[in-house]
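Architecture at a glance
For reference, the chains in residue letters:
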Amino acid sequence: SDLVSLMILAAAAGIAVESLREIRTPHHAPAPWTLLVLAVVIVVKWAVARRVEAAAHAVGSRAVEADAGHHLSDAITSAAAFVGITIALIGGPGWEAADDYAALLAAVVLVVNGVRLLAPALGDLMDRHPGEAVLAEVRRVAASVPGVRAIEKTSVRRSGMRYFVDIHVQVEGRMTLAEAHAIGGHVKAMLRAEVPRVTGVLVRSEEHTSELQSRLHL
């Protein structure tokens, strides 16, 4: 997804340079038939972008979301060209550069879109925190496992489409090591089954705080 974002930024730079060059160079207005071609491109690219974006949200993939952004960028540049050419054709002599100014504006929009797509991609590369909603769901599922008295610490990191969980659960102090280990295994299985995209789980079992404090005061 970061590669697609960089491609969008590179395309924006190329469009901006070419637009500035065309603005300084007198030229004829574009042919009217190009509007029909652009209209088709806008509709198709917009529809594809919406469908790909829906698929990205369904699977939680940043790479697919970046692909949707790529199609949206094509629709934006085509729409800008459509507006610019329309102004040039309606305005007549003296308005030939209208499509170039529209392309320059589209380049700015592409830069914003590229940066928006690049930021989450960089976050994923740096194991970005997935958000409080995922953290709360992990704690809820772990706490629902029989034998878990409390949740002490929880950390979740995201790498690509996957979540990796490190969780500390508190159990009864009178449990054997085997019993505590079995509860930890149950927590791991429940998290993988109930929380989407959780693939790695590290469970640490500890004695419940209240029981430990009671023994220390005896």
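Per chain, the residues get numbers from 1 upward, laid out in the order the sequence is written. Confidence filtering applies because this is a predicted model: local features only for residues at pLDDT of at least 70, side-chain atom pairs given and counted only at 80 or more, and all residues used for totals across whole chains, interfaces and linings. Heavy atoms from the whole structure form the basis of all side-chain values; hydrogens and water molecules are not counted.

**Remarks on the packing of aromatic side chains**
In this scheme Phe, Tyr and Trp rings, the latter by its six-membered ring, pair at centre separations within 6.5 Å, and the angle between planes marks the pair as stacked below 30 degrees, edge-to-face above 60, and tilted otherwise. Under the criterion given, the structure shown has 0 aromatic pairs. For a lysine, the NZ atom is tested; for an arginine, the CZ atom; a charge sits over a ring if that atom is within 6 Å of the ring centre and within 35 degrees of the ring normal. Above the ring of F164, the side-chain terminus of R157 is found at 4.6 Å from the ring centroid.

**Notes on the environment of V40**
Counting from the N terminus, the helices are the DSSP runs of H or I reaching at least four residues and the strands are the DSSP runs of E reaching at least two. By secondary structure assignment, the location of V40 is in helix α2 (residues 34-59). C-alpha separation for the pair V40 and S78, spaced 38 residues apart in sequence, amounts to 9.5 Å.

**Some remarks on the pairing of strand β3 (residues 198-207)**
Of the strand pairs in this sheet, strand β2 (residues 162-171) and β3 are connected by 9 bridges, and their pairing is parallel. Looking at β3, one finds that I167 is bridged to V203. Handedness of a crossover: with both strands directed away from the viewer, a clockwise path from the first strand across the helix to the second marks it as right-handed. Traced from β2 through helix α6 (residues 177-194) to β3, the parallel crossover comes out right-handed. Two strands are said to pair when DSSP picks up at least two bridges between them.

**Let's talk about a nonpolar patch on the surface**
A cluster of nonpolar side chains, contributed by L105, V108, V109 and V112, occupies part of the molecular surface with about 360 Å² of accessible area. Looking at the element boundaries, L105 is found in helix α4 (residues 98-125). Patches draw on residues past 30% relative accessible area with no salt bridge. Two like charges within 9 Å are joined, as are two nonpolar side chains (Val, Leu, Ile, Met, Phe, Trp, Tyr) within 5 Å. Only the protein chains shown count as cover for residues, and the accessible areas themselves come from Shrake-Rupley with a 1.4 Å probe. A pairing counts as a salt bridge when a side-chain nitrogen of Lys or Arg comes within 4 Å of a carboxyl oxygen of Asp or Glu.

**Overview of the nonpolar core**
V138, V165, I167, V187 and L191 are the most contacted members of the largest nonpolar core, which totals 22 residues. Sorting the residues of this core by element identifies α5 (132-143), β1 (150-159), β2, α6 and β3 as the ones contributing at least two each. Beyond its immediate stretch of four places on either side in the chain, V138 contacts T154, V156, V165, I167, L191 and V195. By nonpolar core we mean a set of buried residues, namely Ala, Val, Leu, Ile, Met, Phe, Trp, Tyr and Cys, connected to one another through side-chain atoms within 4.5 Å. When accessible area is computed with a 1.4 Å probe and restricted to protein chains, residues below 20% of their type maximum are described as buried, those above 50% as exposed, and intermediate ones as partly exposed. In this analysis, two residues are considered to be in contact whenever any of their non-hydrogen atoms come within 4.5 Å of each other.

Such coordinate-based values are descriptive only and should not be taken to indicate function.
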